[in-house]
Amino acid sequence: TTALEEVEVEMLKKARELFQLCDKDEKGFITKLDMQRLQSELPLTLEQLETVFDSLEQNNNGYLTPVEFSMGLGKLIGIDLCQGAGRTDRSSHEETFESGWSDDMDPADDEEKRFCSMMEQLGAAQVFEDPSEVRELWARLRKERPELLSSFEEFLLRVSSYIKEVNHEKESMEQALKRKETDHDREVRCLYEEMEQQIKAERERIICQEALRHDRSNLLQKELRSKEQELEKILYRQKKLEHQLQSLNTEQLETRVQNERLRHLNENLLEELEKSKWELEAVKGQLQKLQKEAQLEQEQKDR
């Protein structure tokens, strides 16, 4: 058992050194890009280091905390650092890596600094809006029940990971919603542009129809004016013909009156002619009578 504990302690020290080698910026976590710094320390290629990173990463959040790194590295080499949790003599070692290897810190350092360092190493520094209650509970466990501190930090790690996953899902949903809104806006814009094109085409068609209607109206107006001029000419001719007809009627009436007068005159002349004939006959009879009487007188004279 003592040999196993020594191996675990040595494993924790090596894990701390490797983690600090990767975390040059002291972010409290390492990414896959940070993992590439171990290429000079370990006989592994970049692809193999990426495989190790993927096997150590538990939450699929793109980074490793000190807890994930230490526990995962122990599992890779066949040592489960979480076994034997009932042994109280291991509580100091668990607290060492679960708290982000805080054994190097000065015992006189402020408790707030320890808490902030632990929260940063767990990746939970920006998760809780008000970490005062968490800090109070962590301080009480650290003083009264140090054997539960590792479980509490593991719980904080899981809670922070879950919250980060929820936030990541929320961001993903927001991005998906934004993409949908963008697609919707694009579809609306396409529909708007298509509607604009249809309206433009309809407007051009209406303008063309209006132009044709205007041309047709002008043509009809020209034809109407031409017909009106022809009608005026016809009316003028009609009036002229009516005037001529009226003149002819007047002349015909006058002619009829004259004919009637001539007929009366002719009748009168005929009557006078008959009368003259009768008088002439009478004169002829008297003349013949006179001639006979003269002839008789002459014969008598000759005798």
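Nothing here was measured: the structure is a model prediction, and the numbers come from that model. (Residues numbered from 1 in each chain as written. Predicted model: local features only at pLDDT ≥ 70, side-chain atom pairs only at ≥ 80, totals over all residues. Heavy atoms only, no water.)

Focus: the UniProt feature "domain: EF-hand" (unreviewed entry) in the protein
Here comes step 1: Those places that UniProt annotates as "domain: EF-hand" (unreviewed entry) correspond, in this numbering, to residues 10-45.
Here comes step 2: Note that residues 10-45 is 47% helix and 6% strand, and that its end C-alpha atoms are spaced 25 Å apart. (UniProt positions renumbered as here; feature names shortened; annotations may be inferred. Helix = DSSP H or I, 4+ residues; strand = E, 2+ residues; numbered from the N terminus.)

Structural notes on helix H3 (residues 46-56)
Here comes step 1: Within H3, the full set of buried residues consists of Leu-49, Phe-53 and Leu-56. Taken end-on, H3 shows its buried residues confined to a sector of 70°, consistent with a single buried face. Residues Glu-47 and Thr-51 are exposed on H3 and point more than 90 degrees away from its buried face. (Buried < 20%, exposed > 50% of the residue type's maximum accessible area, 1.4 Å probe, protein only. Arc of directions from axis to C-beta.)

As for a nonpolar patch on the surface
Here comes step 1: Together, Leu-231, Ile-234 and Leu-235 give the surface a local cluster of nonpolar side chains, amounting to about 270 Å² of exposed area.
Here comes step 2: By the secondary structure assignment, Leu-231 is in helix H8 (residues 149-302). (Patch = residues over 30% accessible without salt bridge, like charges linked within 9 Å, V, L, I, M, F, W, Y side chains within 5 Å. Areas by Shrake-Rupley, 256 points an atom, 1.4 Å probe, with all protein chains shown as cover. Salt bridge = Lys/Arg side-chain N within 4 Å of Asp/Glu carboxyl O.)

Some points on the nonpolar core
Here comes step 1: Ranked by size, the top nonpolar core spans 14 residues in total, and within it Ile-30, Met-35, Leu-38, Leu-64, Phe-69 and Leu-73 carry the most contacts.
Here comes step 2: When residues of this core are traced back to their parent elements, those giving at least two are helix H1 (2-22), H3 and helix H4 (66-76).
Here comes step 3: With 5 residues, the single largest contributor to this core is H1.
Here comes step 4: When sequence neighbours within four positions are dropped, the list of residues in contact with Leu-73 reads Met-11, Ala-15, Leu-18, Leu-56 and Glu-68.
Here comes step 5: Counting 6 residues, the second largest nonpolar core, distinct from the first, contains Val-134, Leu-141, Phe-152 and Leu-156. (Core = buried A, V, L, I, M, F, W, Y, C linked by side-chain atoms within 4.5 Å. Contact = heavy atoms within 4.5 Å.)

Overview of the pattern of salt bridges
Here comes step 1: Using the criterion set out here, one finds 5 salt bridges in the structure.
Here comes step 2: We note a salt bridge from Glu-202 to Arg-205, for which the minimum N-O separation is 2.1 Å. Here Glu-202 and its partner Arg-205 are both found in helix H8, 3 residues apart, which amounts to about one turn of the helix.
Here comes step 3: A salt bridge links Glu-210 to Arg-213; the nearest nitrogen and oxygen atoms lie 2.8 Å apart. Taken together, the residues Glu-210 and Arg-213, both in helix H8 and 3 residues apart, mark about one turn of the helix.

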